[in-house]
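Reading the structure
Listed below, chain by chain, are the residues.
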Amino acid sequence: MMELSHSLTLNEEALKQLPPAKRPIFIFEWLRFLDKVLEAAHKVRDSAWPSSSGQPYTMSDIKGCQKQLVAQLVGQMNESPGPPTRKLVARCLATLFSVGDTFLLFDTINKCNDVLKNKDDSPSYLPTRLAAVTCIGAMYEKLGRMMGRSYEETVQILLKALRNAESQLRIEIMMTLEKITAGMGTAAGNVHKDIYKAAKMGLTDRALPVRCASALCLMEMTKHAPFLYTTEIENLSQLCYRAFDNSNYDVRCTVAKLLGTVLATTQNPPKEFVKGTSKGGPLKLLSLEEALTVLLTGFLRGGNSFLKGTGEMIKGSSSVSREVRVGITQAYVVLVQELGALWLERNISTLLAHLTELVASPKATTSHVDAVYSRKCVNFILRATLGRMIGEKAQIAACKEITQLIIKHMNTVDVSGESTKDGNEGGQHVLVCLLQELGSLMQSLSTTCATIVLDTHLNLVDAVVAVLLHPSSAARLSASWCLRCICIALPSQLHPLISRCCDRLDTLKSSPEAIAGYSCVVSALVGCVQKTPLGIPHMRGKVLFNIAEELLRSASQNSRLSLQRTQAGWLIIGSIMTLGIGVVRGLLPRMLLLWKNSFPRSSKEIESEKARGDAFTWQVTLEGRAGALASMHSFLLHCSDLAAEDTVRRLLLPIEAALLMLSSITHIVKQYGQHLKASTAMVRLRLYEVLALLPPQSFESHYTSILKLLVSEFTLAESGANTTTSLLRTMCHADDSIILGTWLHHTHHKAIEDQLQANSASGSGALEHDSTFLYRPLPEGESVAGPLPLGVAVIDASVILFGQMFPLVANKHRLKMLNLFGDMIRAAKSQRQEAVQMNIFTAVLSALKGLSDNKASFGQDDVKKAATSLLLGGLTHPNSTLRCASGEAIGRMAQVVGDPRFVAEMAQNSFDKLKSARDAVSRTGHSLALGCLHRYVGGMGSGQHLSTSISILLALAKDTTSPVVQQIKFSIAKTERESLATSPEGGRLPPLRLVREGLGGLVREGLGGLVREGLGGLVREGLGGLVREGLGGLVREGLGGLVREGLGGLGREGLGGLVREGLGGLLGAPAGGHSAMNHLNDGFYAPHERLDLPQTNGSEHPLIAGGNKRAMMQIRIMAGASANKDLEKLWKEPRHRYSLWRKFLGCHCTIAKHRPGAFLRTPARIVEVPFLVETTRKGTKTVLGNQRPYLGSFPAAIESLGYFSRESLAVLSRARLQFTSVTRQTSQALGNHVQSECH
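Remember, it's a predicted structure, so these values are computed and weren't measured experimentally.

Bringing the overall build of the protein chain into the picture now. Broken down by element type, the protein chain carries 54 helices and 16 strands. Among the 1239 residues that make up the protein chain, the fraction classed as buried is 58%. Counting only contacts in the protein chain whose residues sit at least 6 apart along the sequence, the fraction spanning at least 24 positions is 71%. Accessible surface for the protein chain amounts to roughly 51,600 Å². Of this, 52% is attributable to carbon and sulfur atoms.

Within the element layout of this structure, V896 appears in helix α44 (residues 880-897). Note on V896: relative accessible area 11%, which makes it buried. A C-alpha to C-alpha distance of 5.8 Å links V896 and S852, two positions 44 residues apart in sequence. Leave out the neighbours within four places in its chain, and V896 touches L848, L851, S852, A856, S857 and F858.

For the protein chain, mean pLDDT is 76; residues scoring 70 or higher make up 71% of the total. Residue range residues 418-423 is modelled with pLDDT below 50. Its contacts to residues more than four positions away, or to other chains, number 9 contacts. Every residue in residues 968-1128 scores below 50 in pLDDT, and together they form 401 contacts with partners more than four places removed in sequence or on other chains.

Even without glycine at this site, S446 takes up a positive phi of about 55°. Inspection of the secondary structure puts S446 in the loop between α22 (424-445) and α23 (450-453). Of note, N459 is a non-glycine position whose phi angle comes to about 55°, a positive value. Relative to the helices and strands, N459 resides in the loop between α23 and α24 (460-466). Take N459: its relative accessible area is 34%, and that puts it in the partly exposed class.

As a rule of thumb, soluble globular proteins bury nonpolar side chains together. Formed by 316 residues in total, the largest nonpolar core has its most connected members in M139, L483, F635, F714, F802 and F821. Beyond its immediate sequence surroundings of up to four residues, F635 is in contact with M577, V584, L588, M591, W595, S640, L642, A643, T647 and L651.

Attention shifts here to the packing of aromatic side chains. Tallied over the full model, the rule gives 7 aromatic pairs. Aromatic pair Y196 and F227: ring centres 5.5 Å apart, planes at 70°, arrangement edge-to-face. Placement of Y196 in helix α10 (residues 192-203) and of F227 in the loop between α11 (208-221) and α12 (233-244) is noted, with a sequence separation of 31 residues between them. Between W595 and F635, the ring centres sit 5.6 Å apart and the planes meet at 55°, which makes this aromatic pair tilted. Highlighted residues: W595 in helix α30 (residues 581-597) and F635 in helix α32 (residues 615-638), separated in sequence by 40 residues. Exposure class is identical for W595 and F635. Each is buried. In textbook terms, an aromatic cluster arises when at least three aromatic residues are bridged by ring pairs, as seen for F714, F802, F806 and F821. The ring of F227 carries the charged tip of K193 above its face, separated from the ring centre by 5.0 Å.

With that settled, consider helix α13 (residues 249-267). Look at α13: 27 Å from first C-alpha to last across 19 residues, which is about the 27 Å you get at 1.5 Å a residue. Counting buried positions along α13 gives 15 out of 19 residues, so the element sits mostly inside the fold.

The next subject is the side chain of S679. Following the sequence through the fold, S679 ends up in helix α35 (residues 676-693). When neighbours within four sequence positions are excluded, S679 is seen to be in contact with Q619, L622 and E623.

Right, let's get into the pattern of salt bridges. Pairing of side chains with opposite charge becomes possible as their charged atoms draw close. Here the structure, examined in full by the defined rule, presents 28 salt bridges. We note a salt bridge from R91 to D35, for which the minimum N-O separation is 3.2 Å. With R91 in helix α5 (residues 83-99) and D35 in helix α2 (residues 23-43), this pair connects stretches of sequence that are 56 residues apart. You can call D35 buried: its relative accessible area is 11%. Ionic pairing is found between K750 and D754, a salt bridge with its closest N-O pair at 3.2 Å. Judged by relative accessible area, K750 falls into the partly exposed class, the value being 23%. Note on D754: relative accessible area 4%, which makes it buried. The network of salt bridges with common partners includes R686, E689, D770 and R776.

With respect to the helices, strands and loops of the structure, Q76 is situated in helix α4 (residues 66-77). Sequence-distant contacts of Q76, defined by excluding residues within four places in its chain, comprise L10, I27, W30, P81 and V89.

This part covers the state of the cysteines. Enumeration over the complete set of coordinates arrives at 0 disulfides. Looking at the unpaired C399, the closest cysteine sulfur is the one in C449, lying at 7.6 Å. With relative accessibility at 0%, the residue C399 sits in the buried group.

Here α35 contains 18 residues, and its C-alpha end-to-end distance of 27 Å stays within 8% of the 26 Å for a straight helix at 1.5 Å per residue. With 14 of 18 residues buried, α35 is to be regarded as a mostly interior element.

A few words on the packing of α30 against helix α33 (residues 645-663). A pair of packed helices is captured by two measures, namely the crossing angle of their axes and the spacing between those axes. At a minimum axis distance of 9 Å, the contact between α30 and α33 shows a crossing angle of 25°. Judged on the interaxial angle alone, α33 and α30 are roughly parallel. Across the interface between the two elements, L588, L592 and W595 from α30 touch T647, R650, L651 and P654 from α33. Of the residues belonging to the contact of α30 with α33, the class tally is 5 nonpolar, 1 polar and 1 charged.

Turning to the packing of helix α41 (residues 811-827) against helix α42 (residues 830-853), a few remarks are in order. Viewed as axis vectors pointing N to C, α41 and α42 meet at an angle of 160°, and their least axial separation amounts to 9 Å. Accordingly, the angle class assigned to the pair α41 and α42 is roughly antiparallel. Between α41 and α42 lies a crossing of left-handed hand. Touching R814, F821, M824, I825 and R826 of α41 are Q833, V836, Q837, I840, F841, V844 and L851, all from α42. Grouping the constituent residues of the contact of α41 with α42 by class yields 8 nonpolar, 2 polar and 2 charged.

Attention now moves to the environment of P654. Residue position: P654 is located in helix α33. Spatially, the C-alpha atom of P654 lies 9.3 Å from that of R625, the residues being 29 residues apart in sequence.

Calculation rules
Residues numbered from 1 in each chain as written. Predicted model: local features only at pLDDT ≥ 70, side-chain atom pairs only at ≥ 80, totals over all residues. Heavy atoms only, no water. Helix = DSSP H or I, 4+ residues; strand = E, 2+ residues; numbered from the N terminus. Buried < 20%, exposed > 50% of the residue type's maximum accessible area, 1.4 Å probe, protein only. Contact = heavy atoms within 4.5 Å. Areas by Shrake-Rupley, 256 points an atom, 1.4 Å probe, with all protein chains shown as cover. pLDDT = per-residue confidence, 0-100. Core = buried A, V, L, I, M, F, W, Y, C linked by side-chain atoms within 4.5 Å. Phe/Tyr/Trp six-rings, centres within 6.5 Å; stacked < 30°, edge-to-face > 60°. Lys NZ or Arg CZ within 6 Å of the ring centre and 35° of its normal. Expected span 1.5 Å × (residues − 1). Salt bridge = Lys/Arg side-chain N within 4 Å of Asp/Glu carboxyl O. Disulfide = S-S within 2.5 Å. Axes fitted to C-alpha atoms, helices over the stretch in contact; angles between N-to-C directions. Parallel < 35°, antiparallel > 145°, perpendicular 65-115°, else oblique. Nonpolar A, V, L, I, M, F, W, Y, C, P; charged D, E, K, R; others polar. Left-handed = near helix turned anticlockwise from the far one by under 90°.

What follows is the structure, encoded as C-alpha cells:
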C-alpha cells in the first residue's frame, strides 16, 4: 500500500483503506515524496523530471493540482502532526508557493494566524498550534518579501501567543521570528524592536532550549538591526551574561556565538550601515579596546549590577559563576574567529596584552582553584586563536611577542622573592599562561622554530630560563615544561640545555629557587629524551645521578635548603628512570641503597623518630620519603624488566617501613600541625602508586593494613572535605556518555567544559599539584601535563589499588568491607553522603572489573547479599551519575557471579519496581539496571527476560510527562539491542511496537516499528530510510544512538550503509528494487572501489542463488609479501583450492578461478570467498569477523580487511546468525536444515 502514497496529491481512497495505526506512516511517505518532487521542480523549473512511475512531471502538473495540494497540506496541519510531519508540511507549503502560483498564499497565512488566535490551550491542540507556527516560519524564510506586509499582523499574533505559551511553543515561536527576520530583512525594521523585547525575555527563560532559540533569533537580527551593536550593546551583553548562568553546553555555545558575533560586528559592520545615520548622527561603534573590555568586565564581574559589584570589591570576593566564565571564554574565541585570521595577525600584541591583563586581575584568581580555572580559560583562547587560526609566519611573530611579554614581566620581579612593580600573585599566572602557550607553539612549529630559538637578539631560551628563578613554583614548573617543548621541537638543543642547567645548578646551589627551578627543568628535559630521535650521551645519566645523590647527601647540611635539595634530588632520580634499562641497570645497587636508607629499618627506629624532631624536620622527612617512593614508581613503570624477584623483595623493605609509619602518622600530624597533612597525603599517594605496579602476591602479608588505608581513604574517614574521585565516568560504559556527560570529551571545548562537570576534578589539573608529571608520559589525547589536585589523586590511586586487591582477599574480608561501606553511607548526611557513596561505588566498580579480569568468583551468598543491598540503594538516588554507577555495578556483578538465578532475581526486582514506581528517579534507575544486566550478561544469559524488559521499557517510553525518562529508555534500548548479538533466541524475538506520542509523536508500527523523536530524535522511513523490521531492525536515535532489535540487527548509515529499506529487499528485490548485495557492497568498499552488481531479485542474483545453493561474497583481502609464496603454493593445488572453502551452511560452493598468483602481485586484491567458511582441517574454523581469518596452516597469510570499520567487524562476527535468518526468508531451496547447520 505504501507505493500508493507516491503521488502529487494525497491518495485519500488508499488512506481510508488503511487501519488507523498505519495512516500516519502513509501520510509521512506522501509528504516525503512530495517534498522531493517540489525540490526537483524548484531546481529545474522549465524542464520535466522523472516520477516514481516513470512518467515525467511538469510545472503544469503541479499548478494544475496546487489548490488541492494546499487544501490537503493545510488539512494535515490541523491533524495534530508530530515534529517530522509538521516540518515536512511546512517545507512542502513553502516550496509549493515558491515554484507554483501565490494566489492562495495569503489565505494560507490567514489560516495559520487563525489557528494561533484560537483560545484552546488544551494539550491536544498544541501539535496543531506548533504546526501552524512552523508553517509560518517556513513560508517567510522561503518566500521573503513576497509575503508583503502580512508580517506585521503575524508578528503581533506570535508575540501575543508567546506570553502564555508553554516551553515547546515558545521555542517554535522564537525560531519562526528568526525566520521572519531572515526572510524580510530590513523591510521588517518596524517590528525589530518588538522582536528584540521578546528575545530579551527568552534569553533568561527557564527552559534552556528557549534561550538557544532566542540567541539564534538575535544573531539573525544583528544582520539587519544596527541598534543591537550600537545603542543596545551594553544591555545585550548583560543579558548574555545572565543567559550563561545555570546553562548547559548548547546554551553556552549559542549565546557565546551571539555575543562574539555582535562584538565582531562593532569592528566590522555591514557595508550598508557604515555610512548610515541615526537620530543622533552617524552610528557610534565601539572601539576594539571597548569591545574587549565588555568581555573582560563580564569575566571578572559577571552579569552583576554596579552596586552589587561594588559590594564584592569591598569584600574582596567574586561570585562570578564558572558557567559565565566558560561562556565568555567561548565568546572571546568567536569574536576573533569572526574578525578573521588577517585581523588576528595584525592585532596579536593587542590580544595578548588584553588577556594578560585579564589573568593578572585579583578578581580572576581569588583562590587557587579559581586561578587554575582562569588560566585554563586564557590558554583555551590562545590555543583556539594563535594555535589554530594563523600560519607559521604569524605563529613565529606570536612567539616573539610572547617572549617580549615574558621579559617584561620578569623585569618586574626580584629573584629574591620581592615584587617591585607587579603583584607577584597575578604575575605568576600571567607567566604560566604565556609559557604554556609558547611551549605549545614551539611544538606545533617543530623544526621551523629554529630561527627564533637561535635568534641572539631575541634570546628566547634565556628569557624562559630566567623564569626558573621566579619565587612562584607554578611559574618555575611552567618554564620547565616550556623548555621541554622546545627540546622536543628542536632535539639538537636537548643535551646543551641539560649541561647548561646542571652547571647553573652547581653554581647557584645556595639559592632555594635555583635548586628547585633547575632541578625541575633537568627532570623535564631528561623525561623527554625518549621523545627525541637523537637522545643524549649514555654517560649523562650517571652524571645526573651523581648530582642528584649529592643533593640528597647535602640536604641535612643547611636547614634553609634541606627541603629544596631533598625534593630536587629525588625528582632528578625519578626522571633518570625514564632513560630505560640500559642506563638504570648500572645504577640499580646505588638506588636500592638510597631507597633503603630513606626509611626506618625497624619498628624501634620508627618509635624513636616520634620522640624527636619538629614540624620542619618532619616535613623534610615526609617529602624525602614521598620522593623516594616516586622514584620507585618511575623505576617500576619504565624498567619493569629489572624488577626481578630479588629486587622486589628488597623494595618491600622500605614499603613495609612506609606502611608502619603511616599507621601512626595521625598522632604526629596532630602534634606538629595540620600543614603536614599535605606531605602525608603525598606519601600515601606514592605508596599506592608503587603497590599498584608490584605483583600483589609479593605483599600478601600486608593486605589487612593496606586495605584499612585504602578504605579509610575513599570513604573519607579521616578527611573533612567532601572530595570525590575522578574515575567514576571512566569506570562506567562508554555508551552511557549522555548520562555521564563524557561526550563533552569529544568536543574541542573539553579543556574548559571539564571544570563545569559535577563531581569531577578533571578540569582543575595543574603542574604545581605534582612535579613528577614533568617526566611522566602524557595521558592519551593530552598535550599538556595537568595532574589533579592531591586530594583527588590520592582517592583515585586508592580506588585503583583496591580494585586490584579485592579479587585476592578472603570472603570474610570482602563481607566485612561491603558491610562497612553500607554503614559509612548511612552514617553520612547530605552532600557528604553523596561524596562517600560516589567514591564507594567507584571502588566497587573497580573491584568488579578486577574480578572479571582475573576470572575470579564473587564469593559466597552472604557476600552477594551484602553487595546487592549496597548497590540497589543507589538506583533511587537523585544524582543521575550515582544511578548510572549503581546500574553499571549490578550489571558487572551479574557478569562476575554468572548465575542465572541471580540474574533472574535482579531482573524481577527491577520489573516489580518499574511496575509500581511513579517517580522519574526510580524509573530511570531500574531501567538502567535492566539495560546493564542485558549488556554484561548478554542475550545468552538474559534472553528469557528480554520480552518483559522490552514491553516495560516501551510502556515507560510512552510517558510524555517525563522527557528525561524517555531519553533514558531509548539509551537503554540501545544496550539491550546490542546484547542480542550473541543470543540464539534473538532470532525468535516477538514482534515489537514502539509508539512515541505526545510532543508531536510520529507512529511507526509493525514487526519492528521504531520511532525516536522529541529531544533531537530522528526517524527515517520508506524509500532510502534506515528501517529494518523484524529480526534485524535498527534505528539511529538521539545523539547518534544505535538501536538494534531482534537478531543483532545490522546497520550502518551514510555512504556505507549495510542495510537499507524501501523497495529493495535484503538479498534481492521485486522488480525495480535495489539489490541488497549492492547495499552490502556499499558498506564494505570505499566509494572509488564499488563493484557494480546487477540489480536482480534474490532468486536470479549471480552470487546468491537458491537454484545452485551457493552463497558467495566478494571481499577485500590484504596479504603481506612474506605470505605470497605460501598463498601461491596453496592456490596452485586444486585439492586445497576446492576443498579448503567448501562448506557453507551445509552446501558446497567453489571459488571463482583465477590465474595462479595473479591476485598476489599487489598488496591489495579482490578474491571471491564464502561469507562464512568452515575449513576441512580438524579443529579450525574461519569466520570473517573480529578474529583474524586464516588459510589452513598459514595464519599470517591474510590480514583483516583494510576498509572495515570497527562496527563492520562487529557485524561480520555475527554473520552466522544473521545469514541464517536471511537465507531462511529468501531462499526456500536451502530448506529447514539451515538453522541446525548454523548452530
